[in-house]
Every structure is written in C-alpha cells, then in structure tokens.
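Structural overview
Each chain, written out:
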2 protein chains.
Amino acid sequence: MNPKKVAVILSGCGFKDGAEIYEATLTLLALDEADAEVQCFAPDMPQMHVVNHLTGEEMAESRNVLVEAARLARGNIKPVTAAQVADFDALIIPGGFGAAKNLCDFAVKGSDMSVQPDVLAFAKGMHAAGKPVGFICIAPAMAPKVGGAGTQYTIGNDAGTAAAINAMGGKHVECAVDDCVVDRDRKIVTTPAYMYPARIREARAGIQKLVGAVLGMA
Amino acid sequence: MNPKKVAVILSGCGFKDGAEIYEATLTLLALDEADAEVQCFAPDMPQMHVVNHLTGEEMAESRNVLVEAARLARGNIKPVTAAQVADFDALIIPGGFGAAKNLCDFAVKGSDMSVQPDVLAFAKGMHAAGKPVGFICIAPAMAPKVGGAGTQYTIGNDAGTAAAINAMGGKHVECAVDDCVVDRDRKIVTTPAYMYPARIREARAGIQKLVGAVLGMA
C-alpha cells in the first residue's frame, strides 16, 4: 500500500504567537507511527505578534511565520503557496495562538474573522476534492470556512469560543481532551488538545485519535 | 508512591541554535507517561547564535536562551540558577545545537570546551548526590565533565565527535537510534536521537528507553 501523503500547516513556533509545539510534534509523531509521508507548510509572512513566552508580554520585534515554523519542521518546510491539492491525501492544522493569529484572525476578530487566503485556498481545495482535513485546539475556528455551514467540530468545552465559531456556521460538539470529533459527511476531524489545561499524554491521546480518523478517511 | 521529580534543562527552541524540539517534547511526553513531575530550566543569557532554520544562515539578532526555551515549556520554566539538587530525583538534558552552544561550547571548542557554570554546578551536584543524569543527542558531550573520567556514553556512531568527547575522558559506546546506553556505576544515561537522521518514532523509542532507565535509578 502506498503511504498516505499528509500536508501539515504550521503557524510559527510557540503557542502564544505561533504553532503549539507539543501539538505539532505529536501530530508528526502519530503520522510517522502510521507510516504517513509528511510535508510541512507555513505562510511566508510576518507573525501578527511576537510574544515573550516567559512573561506573556508582546516583544518589539518582527518574526516571519515560515522562518519560525521551520524550527518545528527541522528546516523541512515550504511556503503554503507551494502546496498542491493533487499532491496530498489529507491536511492537518495544529493549534496554538498562531492558528488564530497568523492562519486566520479569529484571536482578534472573533466571528468576523477571515482565513489567510493561501491557507483557505489550499484547505478548501482539499475539502472540495473529498480529502479529510484535521484541526487541533483553536484551529477548528477555521472549520466552518472550510467545511461550510453545519460543520461539526469541537474546541473542548469552552462555551464562549464555541458560540463565536457557531456564529460562523459551525456546530460545536463537546469533547474530552483525549478524544476527537469526526464529521464523517464533511471529512472534518477536530480535537481540543491545549484548549484544555492538558497533560501532554492527554493531548497525545486526542491527537493520535485525530490522526487515525483523518488517515482512515484519506 | 511519590512521583519522581525530574529537572529538564533546555537550551533554547530549535535544533540549530537551541534545544531540539522533538527531543524535548518526547522527553516531556515520556516523563508524563511515567507519572513524573517535571520542572524545566534554562540559563538566563543570550544564545550563542540565532539561526534561520529555513536557510541555515545566522541571523543578525539576539535572543535569550531562557525566553526562547519558555516556548518549549509553555512558559513553565525557571532560570537554571534556581535549580536545587535537594528538590529533584533526576536530571535530563535534551540535545540540539543549543546543548553544544549555550549549555557548553563544544560546538566551537571541541574537547577544549567548558560547561556553562550554573548548568555544571547543578549537574555535578545531582551526580554527586547519587542521582541519575540523562543526556540526549549531542548533550553527552557534557557527560565526562559530570560523570568524570571513564564515563560511558553514546552519540550514536559518529567517530569524529566520539573521539573529541573521549579526549575529555568519555568512553564511547556505539548505539542505535532507538536504544540508549546506561553507565550504571555513574548513573549516566545517553541516547543518540537526532545525532542520526532519525525518524521521529525512532527518536521517541530511544528517548522512552532513556527516561525509563533514568527513572529506574532515581
């Protein structure tokens, strides 16, 4: 059997301004354990913010999403404009504030958000081609923009965040940290991970299930 | 049984100038799976280099080891000067070039290297107290400075690097990527991880074994 080819879109490196590092690493681990072939991508553009992860304060500097995401991919990463739907069987987008600041602007605009155009084009293209898309943590804020009205998703049990995503057409389903929600009709899979104050082994369990569900539909 | 308390010293965030992200994450995962309590530390000082992980080129900026390592620890990290031997049962130091640039200067000085004084004081203190110390990837360059002459260690199968560490008193043992080397007399455990062009699941296997061996002696 040919290995499944999976695109992973990263949003930087560090949960306060980029991709959540454990979520991204555990996604890559689960994909490797399942013998998938992975290519990482990120938008080649400035981060919305640079945050000091020790103090939580914004830093007066500028960093590039692709360059910082390259830390998480050990340099093996391409600009998201290079991602072709025909080359992949599935797409997974880990969370972290970067997903809500750099891949879309949910963190500042809530339900008035828009998805970064290149990310949206690729994710919608994958979805339109009947290929599964997985979203982790806060990344499911983009799920209704990709799967359309009625898309079932989870961000755990945070009612305020769920209300904002439901206002864009999503249908929130409560979910434990070590589980995932599968919208089989739309082939959209979501898991809450660090939407909860998770232990790393709990995030691992939920992400393993998400990866299994995504590959099962790929 | 009380949980084992383990200190993890990080050296930044990104394998070309800081801690290897997968190694650090997989260490924390294995420790959590074993019910250990973890506290991360890093030296509060400038990184030796900032490297663009997309191009491999040095960047003309300055970053702080502790502040960048905080990305890997989700903010839960302390300066290494705050680490007290009495508070911990074991110490683990993941790799990445940061281990050889920020925690010691092996990357530029080879066997004439010295270990950052606060890191050395804590690691030697742990060793002198009979507590196990684990080193991953290139971090075993510090093993002879901690365990003393005759310390058995591995950096995989890289003869040149092994010769430089042997010149400091180490005794290199070849080791596969998914295994670890245990010096039982000195309670020093090492695994090669990304000293090889590893698959992430291979690094996971070696690090799981290292964590098991460290906790078994703690």
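In this text, all values refer to a predicted model and were calculated from it rather than measured experimentally.

Bringing empty space enclosed by the protein into the picture now. In this structure the tally under the stated criterion is 1 cavity of 30 Å³ or more. Of the pockets and cavities examined, the largest cavity occupies roughly 40 Å³. Of all elements in the fold, only α2 (65–72) of chain A together with α2 (65–72) of chain B reach the threshold of two or more residues within the lining of the largest cavity.

Let us look at the pairing of strand β9 (residues 188–191) of chain B. Residue and element names in this part refer to chain B. The side-chain alternation of β9 yields two buried faces, one formed by I188 and T190 and the other by V189 and T191. In this structure, strand β5 (residues 133–136) lies alongside β9, joined through 4 bridges in parallel fashion. Each residue of the ladder has a partner; that of F135, found in β9, is T190. Bridge count between strand β8 (residues 181–183) and β9: 3 bridges; the pairing is antiparallel. Residue D183 lies in a different strand from β9, and its bridge partner there is I188.

Another aspect to go through is α2(B). The buried count for α2(B) comes to 8 of 8 residues, which makes it a mostly enclosed element. Buried within α2(B) are the following residues: V65(B), L66(B), V67(B), E68(B), A69(B), A70(B), R71(B) and L72(B). Where α2(B) is buried, its residues touch α1 (21–33) of chain A together with α1 (21–33), β2 (37–42) and β3 (77–79) of chain B. Residue N64(B) occupies the N-cap position of α2(B), its side-chain oxygen lying 2.8 Å from the main-chain nitrogen of L66(B).

At their nearest, the axes of α1(A) and helix α8 (residues 200–217) of chain B sit 8 Å apart, and the two run at 105° to each other. Relative to α8(B), the element α1(A) is oriented roughly perpendicular. Residues T25(A), L28(A), L29(A), D32(A) and E33(A) of α1(A) pack against I200(B), R201(B) and R204(B) of α8(B). A class-by-class count of the residues in the contact of α1(A) with α8(B) yields 3 nonpolar, 1 polar and 4 charged.

Let us now look at unusual backbone geometry. For residues other than glycine, phi is negative in most cases, and the peptide bonds are mostly trans. Residue and element names in this part refer to chain A. In the Ramachandran plot, R74 falls in the positive-phi region, its phi being about 50° despite a non-glycine side chain. Along the chain, the position of R74 falls in the loop between α2 and β3 (77–79). With phi around 55°, K187 is a residue other than glycine that occupies positive phi space. In this structure, K187 sits in the loop between β8 (181–183) and β9 (188–191). For K187, a relative accessible area of 26% translates into the label partly exposed.

Okay, the interface of chain A and chain B next. Interfaces are often sized by the accessible area lost when the parts come together. Contact with chain A, which involves 37 residues of that partner, is made by 37 residues of chain B. Between chain A and chain B, roughly 3400 Å² of surface is buried when both sides are summed, and carbon and sulfur atoms account for 55% of that area. The largest share of the area that chain A buries against chain B comes from L54(A), R71(A) and R74(A), three residues that together contribute 24% of it. Linking E68(A) and R63(B) is a salt bridge whose minimum nitrogen-to-oxygen distance equals 2.9 Å. Put simply, chain A and chain B have 20 residue pairs in polar contact (both at pLDDT 80 or more) between them. If one sorts the elements of the side of chain A that touches chain B by residue count, α1(A) sits on top with 8 residues. For the side of chain A that touches chain B, a count of residues per class yields 19 nonpolar, 5 polar and 13 charged.

Right, let's talk about helix α7 (residues 159–166) of chain B for a bit. An α-helical segment advances 3.6 residues per turn. Residues three or four places apart therefore align on the same side. Residues and elements named next belong to chain B. What α7 keeps buried is the set T161, A162 and I165. Seen end-on, α7 carries its buried residues on one side only, within an arc spanning 100°. The exposed residues of α7 that point more than 90 degrees off its buried face are A159 and G160. The distance from a side-chain oxygen at the start of α7 to the backbone nitrogen of G160 is 3.2 Å, and the residue carrying that oxygen is D158.

Turning our attention to the state of the cysteines. Disulfides are covalent bonds that link the sulfur atoms of two cysteine residues. Tallying each qualifying case throughout the model produces 0 disulfides over all chains. Note on C40(A): no disulfide assigned, nearest cysteine sulfur contributed by C13(A) at a separation of 11 Å. The cysteine C13(B) is free of any disulfide, with C13(A) supplying the nearest cysteine sulfur at 3.8 Å. Judged by relative accessible area, C13(B) falls into the buried class, the value being 3%.

We now examine the sheet that holds β3(A). Residue and element names in this part refer to chain A. Read across the open sheet, the 7 strands follow the order β3-β2-β1-β4-β5-β9-β8; overall the sheet is mixed. Because the sheet does not close on itself, it has two edges, and the strands there are β3 and β8. Pairs of neighbouring strands in the sheet enclose a mean axial angle of 25°, with direction left out of account. Here 3 bridges tie strand β2 (residues 37–42) to β3, and the two strands are oriented parallel to one another. Among the inter-strand pairings, C40 is bridged to a residue of β3, identified as I77. Packing of helix α8 (residues 200–217) onto the sheet brings it into contact with β1 (5–9), β4 (90–93), β5 (133–136), β8 and β9, and relative to β9 it is tilted by some 175°.

Definitions and limits used
Residues numbered from 1 in each chain as written. Chains lettered and ligands numbered in written order. Predicted model: local features only at pLDDT ≥ 70, side-chain atom pairs only at ≥ 80, totals over all residues. Heavy atoms only, no water. 1 Å grid on protein atoms, 1.4 Å probe; cavity = no way out; pocket = protein on both sides within 12 Å on 5 of 7 lines; lining within 4 Å. Points joined across faces, edges and corners; volume = space filled by probe spheres on them. Helix = DSSP H or I, 4+ residues; strand = E, 2+ residues; numbered from the N terminus. Buried < 20%, exposed > 50% of the residue type's maximum accessible area, 1.4 Å probe, protein only. Pairing = 2+ DSSP bridges. Contact = heavy atoms within 4.5 Å. Polar contact = N/O pair within 3.5 Å; in protein donor to acceptor, adjacent residues only side chain to side chain. Axes fitted to C-alpha atoms, helices over the stretch in contact; angles between N-to-C directions. Parallel < 35°, antiparallel > 145°, perpendicular 65-115°, else oblique. Nonpolar A, V, L, I, M, F, W, Y, C, P; charged D, E, K, R; others polar. Buried area = accessible area lost by both parts, 1.4 Å probe. Salt bridge = Lys/Arg side-chain N within 4 Å of Asp/Glu carboxyl O. Arc of directions from axis to C-beta. Disulfide = S-S within 2.5 Å.

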